[in-house]
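The residues making up each chain are set out below.
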Amino acid sequence: MSGYIIANVQVTNPTQYEEYKKWSTAAMQTAGAEVCVRGGQVQVLEGDWAPERIVILKFPTFDAAKAFYELPEYQKARQARAGAATMRMVVVEGL
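In what follows, the accompanying structure is described. (Residues numbered from 1 in each chain as written. Predicted model: local features only at pLDDT ≥ 70, side-chain atom pairs only at ≥ 80, totals over all residues. Heavy atoms only, no water.)

**Brief notes about helix α1 (residues 14–31)**
Under the convention used in this document: Working definition: helices are DSSP H or I runs of at least four residues, strands are E runs of at least two. Numbering for both runs from the N terminus. Given a helix with a known number of residues, its expected span is that number minus one, times 1.5 Å. With a 1.4 Å probe rolled over the protein chains alone, any residue whose accessible area is under 20% of its type maximum counts as buried; one over 50% counts as exposed, and the rest are partly exposed. Directions pointing from the helix axis toward each C-beta atom define the arc.
For α1, built from 18 residues, the straight-helix expectation of 26 Å at 1.5 Å per residue is met to within 8% by its first-to-last C-alpha distance of 25 Å. Of the residues making up α1, those classed as buried are Tyr17, Tyr20, Ser24, Ala27 and Met28. Down the axis of α1, the buried set is contained in an arc of 100°. They therefore lie on one face. Of the exposed residues in α1, those oriented more than 90 degrees away from the buried face are Thr15 and Gln29. Just downstream of α1, glycine 32 is the residue with a positive phi angle, here 70°.

So this is what it looks like as structure tokens:
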């Protein structure tokens, strides 16, 4: 079964966030992630959730999606993001 990472990002320092994007892109390439959503227009259809930036990544398996978070490239991305954004991230099992 595939695995997905879904993140809701609130960018507070767009200039610094560009460094995060550089390293996270490298991590995605290393992990073979399929980028399904990375930013773009968001419209709430129901409820009070008001996300600013949504990211959805698809991986071949749930375990591969979990492993992405620990990759050295993603560790660098997380360090670069410190102070530039807040993030809520989950990994979910897909079909």
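Having seen the model, we can carry on.
**Brief notes about the environment of alanine 50**
Mapped onto the fold, alanine 50 is located in the loop between β2 (34–38) and β3 (53–59). We classify alanine 50 as exposed; its relative accessible area is 62%. Put simply, alanine 50 and glutamine 16 are 34 residues apart on the chain and 23 Å apart in space, counted from C-alpha to C-alpha.

**A short note on the sheet that holds β2**
Applicable threshold: Paired strands, as defined in this entry, are two strands with at least two bridges between them according to DSSP. With axes taken as lines fitted to C-alpha atoms, and helix axes fitted only over the stretch in contact, angles between N-to-C directions fall between 0 and 180 degrees. In this description, contact between two residues means that some pair of their heavy atoms is separated by no more than 4.5 Å.
Taken in spatial order, the 4 strands of this open sheet run β2-β3-β1-β4, and their pairing is antiparallel. Sheet topology places β2 and β4 (85–93) at the edges, where each strand pairs with a single neighbour. On average, each strand axis in the sheet is tilted by 15° relative to the strand beside it, whichever way the strands run. Here 7 bridges tie strand β1 (residues 3–11) to β3, and the two strands are oriented antiparallel to one another. Its bridge partner lying in β3, tyrosine 4 is registered against lysine 58. Sitting on the sheet, α1 is in contact with β1, β2, β3 and β4, with an inclination near 155° to β2.

**Considerations on the pattern of salt bridges**
Here is the rule: Salt-bridge detection follows one rule: a side-chain nitrogen of Lys or Arg within 4 Å of a carboxyl oxygen of Asp or Glu.
Counted according to the given criterion, the structure contains 3 salt bridges. A salt bridge links glutamate 18 to lysine 21, with the shortest nitrogen-to-oxygen separation between them at 3.3 Å. Of this pair, glutamate 18 and lysine 21 are both found in helix α1, 3 residues apart, which corresponds to roughly one turn of the helix. Judged by its relative accessible area of 45%, glutamate 18 falls in the partly exposed class. Between glutamate 19 and lysine 22 there is a salt bridge whose closest N-O contact spans 3.1 Å. With a gap of 3 residues between them, glutamate 19 and lysine 22 both fall in helix α1, about one helical turn apart. Using a relative accessible area of 36% as the deciding quantity, one classes glutamate 19 as partly exposed.

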